[in-house]
Amino acid sequence: MTWFFVIGLACVTFFNRYLFLEPKIRINLPSFVIRMLKHAAPCLMISICMPLIFFEEGGFKGLAQNSYLYGAIFTLCITLITRRLLVSILCSLLFFYVLNALL
């Protein structure tokens, strides 16, 4: 259910952003709306991912062996370094699954 929820919200966010921000589609919006749309996806993904990172079955996961937290920190770092979406996603997934296997 959680993966379905995350993927569904990611699709909704992508199509909403694509519809309004794609230059080939001619929808004229005020500049402040375009600025808000550029921040919509990160805000939405943070609100979805924070409970997954820190909570499990109604309780706090902890920090010592929390592979989700280390995966999120690695994702942030690799994204800031590479600035490429596909590279960041692939490296982050590889790191997370290797870390999950080790912990």
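Definitions and cut-offs
Residues numbered from 1 in each chain as written. Predicted model: local features only at pLDDT ≥ 70, side-chain atom pairs only at ≥ 80, totals over all residues. Heavy atoms only, no water. Helix = DSSP H or I, 4+ residues; strand = E, 2+ residues; numbered from the N terminus. Buried < 20%, exposed > 50% of the residue type's maximum accessible area, 1.4 Å probe, protein only. Polar contact = N/O pair within 3.5 Å; in protein donor to acceptor, adjacent residues only side chain to side chain. Contact = heavy atoms within 4.5 Å. Expected span 1.5 Å × (residues − 1). Arc of directions from axis to C-beta. Axes fitted to C-alpha atoms, helices over the stretch in contact; angles between N-to-C directions. Parallel < 35°, antiparallel > 145°, perpendicular 65-115°, else oblique. Left-handed = near helix turned anticlockwise from the far one by under 90°. Nonpolar A, V, L, I, M, F, W, Y, C, P; charged D, E, K, R; others polar.

Visitor: Give me the lowdown on the side chain of asparagine 66, citing residues and values where you can.
Guide: Its place among the elements puts asparagine 66 in the loop between β2 (59-60) and α3 (67-82). Since its relative accessible area comes to 3%, asparagine 66 is described here as buried. Polar side-chain contacts of asparagine 66 include one of 3.1 Å to the backbone oxygen of glycine 62. For asparagine 66, the side chain forms a polar contact with the main-chain nitrogen of tyrosine 68, separated by 3.2 Å. Not counting the four nearest positions on each side in its chain, asparagine 66 is found in contact with Ile53 and Lys61.

Visitor: Report on helix α4 (residues 85-102), specifying residues and quantitative values.
Guide: Between its first and last C-alpha atoms α4 spans 26 Å; for 18 residues at 1.5 Å apiece the expected length is 26 Å, and the two agree. Looking only at α4, the buried set comprises Ser88, Ser92, Phe96 and Leu99. The buried residues of α4 occupy an angular sector of 70° when projected down its axis, which confines them to one face. Along α4, exposed side chains directed more than 90 degrees from the buried face belong to Leu86, Leu90, Leu94 and Ala101. In the core, the buried residues of α4 are packed alongside α3.

Visitor: Provide a residue-level description of the environment of cysteine 91, including the pertinent values.
Guide: Here cysteine 91 lies in helix α4. A residue is classified by how much of its surface remains accessible, and cysteine 91, at 29% relative accessible area, is partly exposed. For the pair cysteine 91 and isoleucine 73, spaced 18 residues apart in sequence, the C-alpha to C-alpha distance is 12 Å. Among residues more than four places away in sequence, those in contact with cysteine 91 are Phe74 and Ile78.

Visitor: So what's going on with the packing of α3 against α4? Which residues, and what values?
Guide: Following both chains from N to C, one finds α3 and α4 inclined at 155°, their axes separated by 9 Å at the closest point. In terms of orientation, α3 lies roughly antiparallel with respect to α4. As for how α3 packs across α4, the hand of that crossing is right-handed. Here Ser67, Tyr68, Tyr70, Gly71, Phe74, Thr75, Ile78, Thr79 and Thr82 of α3 lie close against α4, whose contacting residues are Val87, Ser88, Cys91, Ser92, Phe95, Phe96, Leu99 and Asn100. Of the residues assigned to the contact of α3 with α4, the class counts are nine nonpolar, eight polar and no charged.

Visitor: Break down the side chain of serine 67 for me, citing the residues and quoting the values.
Guide: Within the secondary structure, serine 67 is located in helix α3. Exposure remark for serine 67: the relative accessible area of 6% places this residue in the buried category. Residue contacts for serine 67: discarding those within four places in its chain leaves Phe96, Leu99, Asn100 and Leu103.

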